[in-house]
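Residues per chain are reported as follows:
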Amino acid sequence: MRKRISAALLAAALVAAFWLGYAVQPAQETVGCREEDLAQVTDVSFMPTEIAVDTGEVPKRVCLTFDDGPSKNTPAVLAILQQEDVPATFFVISAENNQQYLPLVQQEMEQGEQIGLHSASHDYKKIYASTDAYWSDIDNLKQELSAYIDVSGIDCLRFPGGSTNTISHRYGGSDIMKTLKVQAEEKGYHAIDWNVCADDAAGGHPSASEVYQNTIEDVEDKRTCVVLMHDTNATTTTVEALPDIIAWFRDQGYTFCTVDDLYV
Ligand SMILES: [Zn+2]
């Protein structure tokens, strides 16, 4: 009898343990850039900041860039860009969570937006395991995109987390980003970071007015701004803030350009 009760208790304990284990499993991480993974000090060597500030010779320019899309929010972002008649650059991914939105890259390109490469999986552990792993992920992304657009002209990329991120060190060693940047250049890519951050991928889901404030506060006296924003299912408030952000830059005398325009 006692044996039978023990067996029943053991079975119940096993079932409970199973469900408890299931319940306390960490929630599946959303794919994309999380604020805490982003490089704190980005590489801004793409622009002659000092000369521009000192002499005022370089016109004020702003590149709006959107990472981690396409997403359910992409059509709304595209509609605003079209309405405001400003170009933008999309650093796209082809992860599991955005497969269904991937055909939207065609609309992005048809509308004259620039498409840059971000990542296929956006899984830091995988892509930064080695330089080979990184380039194989980029190949996967290009392969997936080629179903919708001509990828042969894409010459721009943004490293997940930024080119000076430190999260990659955990997986690929402390020199991996330096090596990847050299290799990107050798392969003919412009690898670009940002110098203004909307902080819209933060865990607390900032409101539209916070996204707006974060952006304009980061501009300071920069005459060339590359604004990092996100185009994900979670960043709906970025879409809400976008018209005001565009209006603010316009009022400050900035002209809008794509990342490619910076290299002309
Ligand atoms: Zn990202």
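By convention here, each chain's residues receive numbers from 1 onward along its written sequence. Given that the model is predicted, a residue must reach a pLDDT of at least 70 before its local features are reported, and side-chain atom pairs must reach 80 or more before they are shown or counted; all residues, however, enter totals for whole chains, interfaces and linings. Just so you know, side-chain values use all the structure's heavy atoms and leave hydrogens and water out.

Description of the coordination of the zinc ion
Within the protein, the zinc ion binds to Cys33 (SG), Asp68 (OD), His118 (NE2) and His122 (NE2); these donor distances fall in the range 1.9 to 2.2 Å. Note that water is not among the atoms used; donors are N, O and S atoms within 2.8 Å of the metal (3.2 Å for Na, K and Ca), so sites may look incomplete. Working rule for geometry: tetrahedral if four donors all subtend angles between 85 and 135 degrees; square planar for four, octahedral for six, if opposite donors exceed 155 degrees and the others stay between 65 and 115; irregular in every other situation. One can describe the site at the zinc ion as irregular: its four donor atoms subtend angles covering 92 to 137° at the metal. Positions of the donor residues of the zinc ion, expressed as sequence spacing, correspond to C-x34-D-x49-H-x3-H. Residue Cys33 is found in the loop between helix H1 (2–24) and helix H2 (49–55), and its partner His118 is found in strand S3 (residues 114–119); the two are separated by 85 residues along the sequence. Each member of the pair, Cys33 together with His118, is buried. Comment: elements are numbered from the N terminus, with helices defined as DSSP H or I runs of at least four residues and strands as E runs of at least two. Buried, partly exposed and exposed residues are distinguished by accessible area as a fraction of the type maximum, computed with a 1.4 Å probe on protein chains only: under 20%, between the cut-offs, and over 50%, respectively.

As for the packing of helix H9 (residues 208–219) against helix H10 (residues 236–251)
Lines fitted to C-alpha atoms define the axes here, with helix axes fitted over just the stretch in contact, and angles between the N-to-C directions of these axes take values from 0 to 180 degrees. At a minimum axis separation of 8 Å, H9 and H10 run at an interaxial angle of 40°. Taken together, the axes of H9 and H10 lie oblique to each other. Read as a crossing pair, H9 and H10 show a hand that is right-handed. Residue-level inspection shows Ala208, Val211, Tyr212, Thr215, Ile216 and Val219 of H9 in contact with H10, the latter providing Thr237, Thr238, Glu240, Ala241, Asp244, Ile245, Trp248 and Phe249. Looking at side-chain class alone, the contact of H9 with H10 contains nine nonpolar, three polar and two charged residues. Put simply, angles under 35 degrees are roughly parallel, angles over 145 are roughly antiparallel, angles from 65 to 115 are roughly perpendicular, and the rest are oblique. Left-handed describes a crossing in which the near helix is turned anticlockwise from the far one by less than a right angle; the clockwise case is right-handed. Whether two residues are in contact is decided by their heavy atoms: any pair within 4.5 Å suffices. Note on residue categories: nonpolar means Ala, Val, Leu, Ile, Met, Phe, Trp, Tyr, Cys or Pro, charged means Asp, Glu, Lys or Arg, and polar means any other residue, Gly included.

Remarks on helix H6 (residues 131–145)
For a helix, the expected span equals 1.5 Å multiplied by the number of residues minus one. Between its first and last C-alpha, H6 extends 21 Å over 15 residues, near the 21 Å set by a 1.5 Å rise per residue. Here H6 has its buried residues at Tyr134, Trp135, Asp137, Ile138, Leu141 and Leu145. One side of H6 holds all its buried residues, which, seen down the axis, span an arc of 155°. Across from the buried face of H6, at angles greater than 90 degrees, the exposed residues are Asp132 and Gln143. Residues of H6 that are buried make contact with strand S2 (89–93), helix H4 (104–110), S3, helix H5 (124–127), strand S4 (156–157) and helix H8 (176–186). Working definition: the arc comes from the directions between the helix axis and the C-beta atoms, pointing outward to the latter.

Concerning the pattern of salt bridges
Only one rule defines a salt bridge in this text: a Lys or Arg side-chain nitrogen within 4 Å of an Asp or Glu carboxyl oxygen. Evaluated as defined, the whole model comprises eight salt bridges. Arg250 is the partner of Glu84 in a salt bridge, and the nearest nitrogen-oxygen pair spans 2.9 Å. Within this pair, whereas Glu84 is found in helix H3 (residues 74–84), its partner Arg250 is found in helix H10, the two being separated by 166 residues in sequence. In the salt-bridge network here, residues are joined through shared partners; they are Arg34, Glu36 and Asp37.

Some words on the confidence of the model for the protein chain
Each residue carries a pLDDT score, the predictor's confidence in it, ranging from 0 to 100. Taken over all residues, the pLDDT of the protein chain has a mean of 88, while the share at 70 or more is 84%. Predicted confidence is poor over residues 17–29, with pLDDT under 50, and the contacts of this stretch with residues over four places away or in other chains come to one contact.

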